[in-house]
Amino acid sequence: MSAAANQRSEARYNCLVPVEGKDGSEFDHTKTLDISRNGIGLLSSHNVGINQKIALEIVLKPNTKPIMVIGVVKWVRQLGTSETYRVGMVFSEIVSGSSIRLDKYFSSKRWENNV
């Protein structure tokens with residue numbers, strides 16, 4: 001297990017969806033990989049800068065209001081010799097929406113996985 005995985009304080013859940021980023025930006029051709037209460041993992045075709053702050057709009061469930069968070073890139077690793085990068089971000093601030101909604105969502109995810 002990698003050192004980054006050992007530092008995780010929250011369970012991560014698969015979240016394989018495309019990211020809508022501006023064409024040509026660092027987040028163009030990016031997908032989410034996993035998500036936790038405290039952060040998100042991405043797969044990107046770009047080498048994203050460490051400590052970069054990114055505004056993310058997260059839709060937790062279909063037909064619900066999104067939650068806007070500020071994510072900070074904590075680490076980036078190239079996957080083998082490919083042009084794909086694994087990006088780890090932590091949520092530094094919840095801009096809109098409710099941290100209670102985020103907590104409830106991840107509490108229900110833990111329950112679903114324990115059934």
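Fair warning: this is a prediction, and the values are worked out from it, not measured in the lab. (Residues numbered from 1 in each chain as written. Predicted model: local features only at pLDDT ≥ 70, side-chain atom pairs only at ≥ 80, totals over all residues. Heavy atoms only, no water.)

Trainee: Describe in detail the packing of aromatic side chains, supporting the description with residues and values.
Mentor: Tallied over the full model, the rule gives two aromatic pairs. Between Y105 and F106, the ring centres sit 5.0 Å apart and the planes meet at 85 degrees, which makes this aromatic pair edge-to-face. One exposure class covers both Y105 and F106, and it is buried. Ring-pair connections join several aromatic residues into one group, and the members of that group are Y13, Y105 and F106. Sitting over the face of the ring of W75, R77 holds its NZ or CZ atom 4.2 Å from the ring centroid. (Phe/Tyr/Trp six-rings, centres within 6.5 Å; stacked < 30°, edge-to-face > 60°. Buried < 20%, exposed > 50% of the residue type's maximum accessible area, 1.4 Å probe, protein only. Lys NZ or Arg CZ within 6 Å of the ring centre and 35° of its normal.)

Trainee: Break down the nonpolar core for me, with residues and values.
Mentor: Ranked by size, the top nonpolar core spans 19 residues in total, and within it I40, L56, I58, M89 and F91 carry the most contacts. Breaking this core down by element, the ones donating at least two residues are β3 (39–44), β4 (53–58), β5 (67–78), β6 (85–96) and α2 (99–114). The contact partners of L56, leaving out residues within four places of it in the chain, are I40, I67, M68, V69, M89 and F91. (Core = buried A, V, L, I, M, F, W, Y, C linked by side-chain atoms within 4.5 Å. Helix = DSSP H or I, 4+ residues; strand = E, 2+ residues; numbered from the N terminus. Contact = heavy atoms within 4.5 Å.)

Trainee: Give a description of the environment of T30 that names residues and reports values.
Mentor: Relative to the elements of secondary structure, T30 occurs in strand β2 (residues 30–35). You can call T30 buried: its relative accessible area is 2%. When the C-alpha positions of T30 and T84 are compared, they lie 9.4 Å apart, and in sequence the two are 54 residues distant. At 3.3 Å, the side chain of T30 forms a polar contact with the side chain of S44. (Polar contact = N/O pair within 3.5 Å; in protein donor to acceptor, adjacent residues only side chain to side chain.)

Trainee: Give a description of the pattern of salt bridges that names residues and reports values.
Mentor: If you walk through the whole model with that rule in mind, you get three salt bridges. Salt-bridge contacts for D34 lead to R86; the nearest nitrogen and oxygen are separated by 3.0 Å. Separated by 52 residues along the polypeptide, D34 in strand β2 and R86 in strand β6 bring together distant segments of the chain. Judged on exposure class, the residue D34 and its partner R86 are both buried. Here the residues in one salt-bridge network are R12, D34 and R86, joined through shared partners. (Salt bridge = Lys/Arg side-chain N within 4 Å of Asp/Glu carboxyl O.)

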